[in-house]
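Single-letter residue listing:
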Amino acid sequence: MKILVFNAGSSSHKSSLYDINGQLPATAPEPLWEAEADWTKTQGKTDLKITAHGKTTEQELDTDTRTEVIDQMLKTLWSGDQKVINDLSEIAVVGHRVVHGGPDFTTSVRIDRQVKDDIQKLAVFAPLHNPADLEGINAIEQIKADMPQVAVFDTSFHRQMPLEAKVYPGPYEWYEQDIQRYGFHGISHQYCTRRSAQILGKDIEELRLVNCHLGNGCSLAAIKNGRSIDTTMGFTPLEGLMMGTRSGSIDPSILLYLEREKGYNADKLDQTLNKQSGLKGVSGISSDVRAIRKEMQAGNERASLALAIFTHRLRSAIGSMIATLGGIDVLTFTGGIGEHDQELRANACENFGFMNLKLDQQKNNTSPVDTDIATVDSAVRVLVVHTQEDWEIARECWRIVKQK
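About the criteria used
Residues numbered from 1 in each chain as written. Predicted model: local features only at pLDDT ≥ 70, side-chain atom pairs only at ≥ 80, totals over all residues. Heavy atoms only, no water. UniProt positions renumbered as here; feature names shortened; annotations may be inferred. Helix = DSSP H or I, 4+ residues; strand = E, 2+ residues; numbered from the N terminus. Buried < 20%, exposed > 50% of the residue type's maximum accessible area, 1.4 Å probe, protein only. Contact = heavy atoms within 4.5 Å. Polar contact = N/O pair within 3.5 Å; in protein donor to acceptor, adjacent residues only side chain to side chain. 1 Å grid on protein atoms, 1.4 Å probe; cavity = no way out; pocket = protein on both sides within 12 Å on 5 of 7 lines; lining within 4 Å. Points joined across faces, edges and corners; volume = space filled by probe spheres on them. Nonpolar A, V, L, I, M, F, W, Y, C, P; charged D, E, K, R; others polar. Core = buried A, V, L, I, M, F, W, Y, C linked by side-chain atoms within 4.5 Å.

Caption draft 1: Up close: the UniProt feature "site: Transition state stabilizer" (unreviewed entry) in the protein. The feature "site: Transition state stabilizer" (unreviewed entry), as given by UniProt, occupies His185 and Arg246 in the numbering adopted here. By the secondary structure assignment, histidine 185 is in the loop between α5 (172-176) and α6 (186-200). The exposure class of arginine 246 is partly exposed, given its relative accessible area of 22%. Ignoring any residue separated from it by four or fewer positions in sequence, one finds arginine 246 in contact with Gly217, Met233, Pro237, Leu238, Leu273, Asn274, Ser277 and Gly278. From its side chain, arginine 246 meets the backbone oxygen of proline 237 in a polar contact 3.4 Å long.

Caption draft 2: Examining the layout of surface pockets more closely. The space that makes up the second largest pocket amounts to roughly 370 Å³. Residue lining of the second largest pocket: 19 residues in total, with Thr106, Ser156, Phe157, Gln160 and Gln190 positioned closest to the centre. Residue assignment for the lining of the second largest pocket shows that the elements contributing at least two residues are β8 (149-153), α6, β11 (227-231) and α15 (389-403). No other element matches α6, which puts 3 residues into the lining of the second largest pocket. Considering only residue class, the lining of the second largest pocket consists of 5 nonpolar, 10 polar and 4 charged.

Caption draft 3: Expanded view of the nonpolar core. In terms of nonpolar packing, the biggest core is built from 43 residues, with Leu214, Leu314, Ile318 and Leu331 touching the most fellow members. Elements supplying a minimum of two residues to this core: β9 (208-214), β10 (218-224), α10 (289-297), α11 (301-325), β12 (330-334), α13 (342-350) and β14 (381-384). Per-element tally for this core: the top contributor is α11, with 10 residues. Once residues within four sequence positions are removed from consideration, isoleucine 318 is found in contact with Cys212, Leu220, Leu331, Ala348 and Phe352. Membership of the second largest hydrophobic core comes to 25 residues, among which are Val5, Phe157, Ile187 and Trp391.

Below, the structure is given as structure tokens:
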């Protein structure tokens, strides 16, 4: 069964093609074909990178329109040096990452007219992403109208959180208006939960796990019996941890002050909180931890402060998740920062020594993939897991097709 995965960003698009023969494999196989399109660098142009047959080719497209980019990207599947199939009919199903599923989509679903309408209605919650997801869905329909398609929602993994974790302490009418904590990065949290149990050879139902997805966007999830019972992101991906360019949680009265005293409007607040805050805002340098660490070595105090705030808030959030779980068996790090920054992992874990959490510094310093980096006598297992959202989407597609 060949499964094509679409993972649309606000100004990028990633795709993978998997081939599953027989039973679903326990670990992620290498995709037959991968594509990455990015139109952030030059207006009217798109950088396209295709990987197939062990080789990667790059080209520049004379368009930054998503539908045109997708069309040219897909043609490499069945033509040219990167060809891996003869035509689209060889693909059994296309799976789409959809950022916001609202209160009703608690699991992945086959896409039909109603589902598309619902995704469009939910664009009010994710205006940069849900419309982009719909463009991908429509692009496939235009090429092959009867192609089965599946929506895999980034919010679904968190939909079973208890009410005390979902409902904001404002007027109850907010909850009745669907203003609630949804959580995000659910596809990554779901993958890392299962993969962590595999690495340890444990039953997922037995584990109390805190998963730390740390990249340009950051969130934690408290997972018990394989289910998310709390997470740091909320109504939008802005809540929670300090991130690359996002502030994370702040006192709401700051926004009232900026509006009343400094003349900020909604658009300026949005730009400030989402694009000019976080690591970039405090450091004044970059949202990239590597660039900030370089400046720290040169004695830049704001760079040091940015990472100190990031670490402080991460530790606090981990502690909160542990309290929600009533203890912890596994602490997992994933995402670009979580997988590659050994110093941050060590600093995050340092304050949990009172729980007999002990890192094997030699293992940690090698930034291993899918490995336990805790000492043998540590009371908490500490893992580094390479998250694979595309494979998790493919798994969901396989499950839904097999249910037919």
